[in-house]
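Close look at the chain arrangement
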Amino acid sequence: MGTVVRRPRTKKKRPSFGIPREIILLTGHDVWPYTFVADDSGGACGKVPMPAGAALEDVQMEIFTQLADLTRTFHGVEIDVEWSPLTPDSWVGHVRRVTTEEPAPPAPGS
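In short, a report on the structure. Predicted model only: the values in this text are computed from it and were never measured.

Looking only at helices and strands, the protein chain features one helix and five strands. Helices and strands appear in the protein chain in the N-to-C order β-β-β-α-β-β. For the protein chain, buried positions account for 26% of its 110 residues. Put simply, of all contacts in the protein chain between residues at least 6 apart along the chain, 36% involve residues at least 24 apart. Accessible surface, the protein chain: about 8,400 Å² in total, of which carbon and sulfur atoms supply 55%.

Dropping the structure here:
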């Protein structure tokens, strides 16, 4: 009787973070540190390598792009971020899920 060789079972790896819900961004020198909190009470931190004089909008867009790509890849969800000042050198981004459903048609007689 021959030996049956089986492939080792691989578990589907779960994403290491949940869907982001809030981002805290700090001003930095050559790097802008940020932290995000996710739905599952987890989160992570990172740094955007940009000079201290970089446009705030460019730094925020870089963080958003990274998190949006990861959230789309791991969770199949689209997100959007609304930024507001927290202190003179920090900002908070409130993350919301974006629905891609078609808008409802206007009601008759509108």
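Before going further, it helps to spend a moment on the packing of aromatic side chains. Here a ring pair, both rings aromatic, is described through the centre-centre distance and the interplanar angle of the planes. One pass over the full model with this rule turns up one aromatic pair. Ring centres of Trp 32 and Trp 91 lie 6.2 Å apart, and the angle between their planes is 35°; on these two criteria the pair is classed as tilted. Taken together, the positions of Trp 32 in strand β2 (residues 32-38) and Trp 91 in strand β5 (residues 90-98) put the pair 59 residues apart, joining distant regions of the chain. Like Trp 32, the residue Trp 91 is buried in the burial classification.

All right, on to the environment of Gly 46 then. Here Gly 46 shows up in strand β3 (residues 43-48). On the basis of relative accessibility, which here comes to 18%, the residue Gly 46 falls in the buried class. Considered as a pair, Gly 46 and Val 31 are 15 residues apart in the sequence and their alpha carbons are 9.5 Å apart. Those residues in contact with Gly 46 that sit more than four places away from it in its chain are Trp 32, Pro 33 and Tyr 34.

Turning next to the side chain of Ser 90. When you line up the elements, Ser 90 lands in strand β5. Side chain to side chain, Ser 90 and Thr 87 meet in a polar contact 2.6 Å long. If near-sequence neighbours (up to four positions away) are discounted, Ser 90 is found in contact with Leu 25, Leu 26 and Pro 85.

To continue, consider the pairing of strand β4 (residues 78-87). Alignment of β4 against β5, held across nine bridges, turns out to be antiparallel. In the sheet register, Ser 84 faces β5, and the bridge partner there is Val 92. Once β4 ends, the chain turns through two residues before running back antiparallel as β5.

A few words now on the environment of Val 81. Position of Val 81 relative to the elements: it lies in strand β4. On a C-alpha basis, the gap between Val 81 and Ala 68 in space is 9.4 Å, while along the polypeptide they are 13 residues apart. Once you skip the residues sitting within four places of it in the chain, Val 81 turns out to touch Ile 23, Phe 64, Gly 93, His 94 and Val 95.

Attention now moves to the nonpolar core. Counting 20 residues, the largest nonpolar core has Ile 23, Trp 32, Val 59 and Ile 63 as the members making the most contacts within it. If you list the elements that add at least two residues to this core, you get β1 (20-26), β2, α1 (56-75), β4 and β5.

What counts, and where the lines are drawn
Residues numbered from 1 in each chain as written. Predicted model: local features only at pLDDT ≥ 70, side-chain atom pairs only at ≥ 80, totals over all residues. Heavy atoms only, no water. Helix = DSSP H or I, 4+ residues; strand = E, 2+ residues; numbered from the N terminus. Buried < 20%, exposed > 50% of the residue type's maximum accessible area, 1.4 Å probe, protein only. Contact = heavy atoms within 4.5 Å. Areas by Shrake-Rupley, 256 points an atom, 1.4 Å probe, with all protein chains shown as cover. Phe/Tyr/Trp six-rings, centres within 6.5 Å; stacked < 30°, edge-to-face > 60°. Polar contact = N/O pair within 3.5 Å; in protein donor to acceptor, adjacent residues only side chain to side chain. Pairing = 2+ DSSP bridges. Core = buried A, V, L, I, M, F, W, Y, C linked by side-chain atoms within 4.5 Å.

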